[in-house]
Amino acid sequence: MTATAVRRVRAYGGQFLLLAVLTLVVMLLISGVPRLVNRFTEQGLRGQLASELAARRDMSYTTGFMNLPATSVASTNQARLPVLESQLPAQLRGLVDERWYSAETSPGRVTGPDLAARYLKVDLGFRVVPGVRDAAALIEGGWPNETYIPGRPTEVALDVDVARKLNLRRGSVLRLRWSDAPRRPRYPAGTSFDLVVVGLFRPHDPTDGMWDGLPQLLQVTDPDTRSPFVAIGVTGPAALDKLVAAGWPVQFGWRYRLGVDQIDVRYLDQVIGGLDEAQRGVPAGLTLTTGVDGALRAFAAQVNAARTLLAVIGSGVLATLAGLIGMAAMLAVRRRRSEFALLRARGGAATAGATRTLAESLLVVPAAAVFGWWLGTLFPGAPDPVASYGVVVTVVVTLALPVATLAVPVDGAARRDLARMRPSARRLTVEVSLVLLAVLGVVLLRRRGLILGKVDPLLVSVPVLFAVAAAVLALRVYPWPLLVVSRLAARMRGSVAFLGTARAGRSAVAAPLVVVVLAIGTAVFCAVVAGGVGASRDRAAEVAVPADAVIRGGPFAPEKERFAPDTVDAVGGLPGVRAVTAVLAESEQQLAADEFGTDLRAGQAAVLLVDGPGLAAVTEESQANLPVPAVLGSAQAGPGPLPAIVSPAVAADLARVGVGRSAFVLVQGERYEFRVAGTVDNFPMLPANDGRFVILPWQALPQRNTTPVPTGLLVAGDGLDPKALRKVGDEGQRRFQHSGAVKGPDRPIGTLVETRAGVRRGLGEGGANGILGFGFLGGAAGGIAFGLLAIAFTVLAGARARGQVLSRLRTLGLSRRQWRGLLLVELTPLVAVSVLTGAVVGAVLPLLLNPVLGLSAFTGGTPVRVAFEPGLVAAVVALGAIALGFAIVVEALNNRRLRLGEVLRLGEEN
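Since the model is a prediction, treat every value here as computed from it, not as a measurement.

## Here's the deal with the side chain of Asp114
Relative to the helices and strands, Asp114 is located in helix α6 (residues 113-116). By relative accessible area, which is 15% here, Asp114 ends up buried. Side-chain polar atoms of Asp114 contact the side chain of Ser172, separated by 2.6 Å.

Listed below in structure tokens is the structure:
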């Protein structure tokens, strides 16, 4: 029996090779794609964590400053470092890569000759960090003594850069006194300690986590001009114990850093759950601070959205492959129909053909499945537990050929080229049920939503059901226009158009049409969603930077980060700059009822001043899609309140408190009267989650004693140099701080320059964008390739019947040119309706599924809007032309292989 099956496999080698290749592809996708997804996820997570400060991966337990009567606290509390780590949730213990302990005092005021020489006010704290001597190199002097020596000053070592900024050196003598800080020690007032700087050090690696405690050992904190500098020095345990015994407040910290390479992306949700558990189970008296949970949650949101989208794409690709396998099986059985008919005629049972093909499939399919699975294991990335799916797929594909043998009747007498305009009640019931099921699935999916990241059976089935329903509707409509065209062609001269449309209308295209619609729909779906995500990222970049570049001293809210007014002209003189305008932003300003500041009890709001004409010019020059409200551009200086654009929340609050004609708001010390001239939901240069703001036209401000100073500048131009913009911005900050009628604090913090292209690039790179790009590219390429393959199957399924007709017509005088025209007319409707229906499905599915896919995680929170793209029509037309050319080539090659004369003599229809 086995030898006979082997001979039949050899005889029909092409058909079984096709079935084996399809099986291999399916198993390759099941085994390899999860590995690739895990690989892209791992790379994205590593890049996400590496792009942020290493301290964001820290879990820090701190005690807060407290007074302790005991001594030797520095060494005794260090023993809790492994204890607290052992109490971490199991999901986190194995992820800890580094750990540190520190004990430090609250900063106290220090004085000394070297500080007085520069009129410096300094608060100095003391920290004990085990291992600091191995992590730094001494530049001058030595390390503080580990033991206390009576009669000697308290010893401290400083970072060399910190000491230089504070004008301190080795041997500098200081005196520590109680400051006026809220946590005043209980030690008697007026008591002081003598200090001496015994050494200056420089860290071997400034990025080492040992130096990341707050405040940092390697930096001087400069809060503002009214506050002193704050620095931290390294001292010995004995010196710290001495201060604690004297009543100085002390704080202890135990810090654990999670390793980038330790987090397994397959268990990301468990890690986040462990962080939540750790925050709920903080030991008494301690505070847990961590920043890694925010980064992991943001990344997990992207991964979940990407996996949900991959589920939609994967369902379309796998359903297409299933249809291709079914078509290949049906094609193979129809080619062997005479064999099975002869088997029945010789007394074989009804299942004899199925038994024979099952034996043949067992020789081919399992081996191809194993080989495809093995190829998938060669893909990079961690595996997923999908072996059970592989077994199920292998069994289903193995049974495809036997089931097709049972489904295809062996009686070849009936004609199969007749299209029934009125389908049977059974078929009509099935088709109506499919359409209703697809509509119900869409409604349920939109109503109940999705759990992102989970493979929801409803989500997986809805796109497939929708495509099948669309194919069924197209199949019902397909013959009617061809019937009309055929009747018109019958009245015309020539037989090509009439014969071609008549045969096209009679073609049985149910199964092939469904497969082509699934494949093309998947490809178009990927293209449309990718275009929507890209357009939404463009909008998000325009909202963040509504010009080619923005210059600011930091976030727009702080009032102290300002530029001299002439900075606008300085930026305008740079090469490539075409337009520049100033903006002013302040946060959390209280709305008032009058110019005296009477509280309206209407809440606080952010205030943004923009020069309307200048903003319009910048957005036009930078081609930013930002419509400037007309009231901002047309406002002019004059009596009466300023016309303002406000958020709906502010407008509602003003109406609630019964404000009459106007209200007042404070801007850089001056109060301005405004009236509500319009509302907008959001506005560029304001945080996306800020629902309370007031926008005023700068050019319409009344004359006051002081002139508003910009906090940022919008720049439009070509080839802008961020370094040059930053340099001019720094100079503008310094001019504001040191010259002019208005002088600001002496604290240049350095300007921040952002470009719209850079923001757009940041949204499209990093995170889980690798998964998203892989899904779009794989889905589009796979959909097109499988769609062309389905069209080839469709052509091959009716190739022998068309060959018979063409052979007979050739004997009646049909020319070669007419034969090509007849082939083109017959195949064009089938290819056109398949591609067009698939394109409609692919364009409509994003509109139906977009609200539940969570794609805003990839656009900076900007909602993804999927809209019609004119380029899609050209792409679909080009795809249809390629598909039609491919179908004609397949038909021509098949006819050349079969030789039409032999087809006529054989008398086979399929």
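Next comes the rest of the write-up.
## Topic: the packing of aromatic side chains
In the structure shown here, the tally under the stated rule is seven aromatic pairs. The cationic tip of Arg80 hangs over the ring face of Trp254; the distance from NZ or CZ to the ring centre is 5.1 Å. Over the ring of Tyr12 we find Arg336, and its NZ or CZ is 4.4 Å from the ring centre.

## Regarding the environment of Ser227
Relative to the helices and strands, Ser227 is located in the loop between β8 (192-203) and β9 (229-234). Spatially, the C-alpha atom of Ser227 lies 9.4 Å from that of Asp123, the residues being 104 residues apart in sequence.

## Focus on the pattern of salt bridges
Following the criterion strictly, the structure yields 28 salt bridges and no others. Arg202 is the partner of Asp161 in a salt bridge, and the nearest nitrogen-oxygen pair spans 3.8 Å. Linking Asp161 in helix α8 (residues 160-165) with Arg202 in strand β8, this pair joins segments that are 41 residues apart in sequence. Relative accessible area serves as the criterion here: at 37%, Arg202 is assigned to the partly exposed category. Each of Arg8, Arg336, Glu339, Arg356 and Glu360 takes part in one network of salt bridges that share partners.

## Describing the pairing of strand β6 (residues 154-159)
In terms of burial, β6 is largely enclosed, as six of its six residues are buried. With six bridges connecting them, β6 and β8 associate as parallel partners. Paired with Glu155 across the two strands is Val196, which belongs to β8.

## As for the nonpolar core
Membership of the largest hydrophobic core comes to 141 residues, with the highest contact counts inside it found for Trp254, Leu296, Leu309, Phe525 and Leu855. Per element, the largest residue contribution to this core is 23 residues, and it comes from helix α11 (residues 292-335). Setting aside anything within four residues of it in sequence, one finds Leu855 in contact with Leu309, Val529, Val533, Leu772, Asn850 and Val864. Listed in part, the 38 residues of the second largest apolar core include Leu600, Tyr672, Trp698 and Ala700.

## Some words on the pairing of strand β19 (residues 712-717)
Counting buried positions along β19 yields six of six residues, so the element is predominantly enclosed. Side chains Gly712, Leu714 and Ala716 project from β19 onto one buried face, and the interleaved Leu713, Val715 and Gly717 project onto a second face that is buried too. Bridge count for strand β12 (residues 549-552) against β19 is four bridges, and the pairing is antiparallel. Each residue of the ladder has a partner; that of Ala549, found in β19, is Val715. In the sheet, strand β13 (residues 577-592) pairs with β19 via six bridges, with the strands oriented antiparallel. Each residue of the ladder has a partner; that of Val580, found in β19, is Val715.

## Some thoughts on unusual backbone geometry
Even without being a glycine, Tyr119 presents a positive backbone phi close to 55 degrees. Assignment of secondary structure puts Tyr119 in the loop between α6 and β4 (122-128). Even without a glycine there, the phi angle at Gln623 is positive, about 55 degrees. Mapping Gln623 onto the fold places it in the loop between α21 (612-621) and α22 (630-634). Of the residues examined, Gln623 reaches a relative accessible area of 69% and is grouped as exposed.

## Quick look at helix α10 (residues 268-280)
Its 13 residues give α10 an end-to-end C-alpha distance of 19 Å, which sits within 8% of 18 Å, the value for a rise of 1.5 Å per residue. Those residues of α10 not exposed but buried are Leu268, Val271, Ile272, Gly274, Leu275 and Ala278. One side of α10 carries all its buried residues, which in axial view fall inside an arc of 155 degrees.

## Thoughts on the environment of Leu696
Within the fold, Leu696 resides in strand β18 (residues 693-697). Accessibility expressed as a relative area gives 0% for Leu696, which makes it buried. Once residues within four sequence positions are removed from consideration, Leu696 is found in contact with Val607, Leu608, Leu609, Val610, Leu632, Leu642, Ala644, Val665 and Phe674.

## Observations concerning a nonpolar patch on the surface
Together, Val391, Val395, Leu399 and Val403 make up an exposed nonpolar region whose accessible area comes to about 340 Å². Looking at the element boundaries, Leu399 is found in helix α14 (residues 387-407).

## Focus on helix α12 (residues 337-345)
Buried within α12 we find Arg337, Glu339 and Phe340. For α12, the buried positions fall inside an angular range of 160 degrees around the axis, keeping them on one side. Of the exposed residues in α12, those oriented more than 90 degrees away from the buried face are Ser338 and Ala345. Contact partners of the buried residues in α12: α1 (2-11), α11, α13 (352-377) and α14. With its phi angle positive at about 100 degrees, Gly347 sits one or two positions after the end of α12.

## Structural notes on the confidence of the model for the protein chain
Put simply, the protein chain has an average pLDDT of 82, and 89% of its residues get 70 or more. Counting interchain partners and residues more than four positions distant, the pLDDT-below-50 stretch residues 741-748 has 18 contacts. With pLDDT under 50 throughout, residues 905-910 is counted as low confidence; its partners more than four residues away or in other chains account for 15 contacts.

## Thoughts on the side chain of Asp159
Inspection of the secondary structure assignment puts Asp159 in strand β6. In this structure, Asp159 is buried with no salt-bridge partner, the nearest side chain bearing the opposite charge being Arg202 at 5.8 Å. Separated by 3.1 Å, the side chain of Asp159 and the backbone nitrogen of Asp161 make a polar contact. Discounting residues that sit within four places of it in the chain, Asp159 has contacts with Phe201, Arg202, Pro203, Leu217 and Leu218.

## A short note on the environment of Gly14
Note on placement: Gly14 falls in helix α2 (residues 13-51). C-alpha of Gly14 to C-alpha of Ala332: the two residues are 318 residues apart in sequence and 9.4 Å apart in space.

## Examining the packing of α2 against α13
Contact geometry for α2 and α13: axes closest at 7 Å, N-to-C directions at 30 degrees. Between α2 and α13, the crossing angle belongs to the class labelled roughly parallel. Handedness of the crossing formed by α2 with α13: right-handed. Judged by residue contacts, Phe16, Leu19, Ala20, Thr23, Leu24, Met27, Leu28, Ile30, Ser31, Gly32 and Arg35 of α2 engage Glu360, Ser361, Val364, Val365, Ala368, Ala369, Phe371, Gly372, Trp373, Leu375, Gly376 and Thr377 from α13. Here the residues of the contact of α2 with α13 sort into 14 nonpolar, seven polar and two charged.

Procedures and definitions
Residues numbered from 1 in each chain as written. Predicted model: local features only at pLDDT ≥ 70, side-chain atom pairs only at ≥ 80, totals over all residues. Heavy atoms only, no water. Helix = DSSP H or I, 4+ residues; strand = E, 2+ residues; numbered from the N terminus. Buried < 20%, exposed > 50% of the residue type's maximum accessible area, 1.4 Å probe, protein only. Polar contact = N/O pair within 3.5 Å; in protein donor to acceptor, adjacent residues only side chain to side chain. Phe/Tyr/Trp six-rings, centres within 6.5 Å; stacked < 30°, edge-to-face > 60°. Lys NZ or Arg CZ within 6 Å of the ring centre and 35° of its normal. Salt bridge = Lys/Arg side-chain N within 4 Å of Asp/Glu carboxyl O. Pairing = 2+ DSSP bridges. Core = buried A, V, L, I, M, F, W, Y, C linked by side-chain atoms within 4.5 Å. Contact = heavy atoms within 4.5 Å. Expected span 1.5 Å × (residues − 1). Arc of directions from axis to C-beta. Patch = residues over 30% accessible without salt bridge, like charges linked within 9 Å, V, L, I, M, F, W, Y side chains within 5 Å. Areas by Shrake-Rupley, 256 points an atom, 1.4 Å probe, with all protein chains shown as cover. pLDDT = per-residue confidence, 0-100. Lys, Arg positive; Asp, Glu negative; His and termini not counted. Axes fitted to C-alpha atoms, helices over the stretch in contact; angles between N-to-C directions. Parallel < 35°, antiparallel > 145°, perpendicular 65-115°, else oblique. Left-handed = near helix turned anticlockwise from the far one by under 90°. Nonpolar A, V, L, I, M, F, W, Y, C, P; charged D, E, K, R; others polar.

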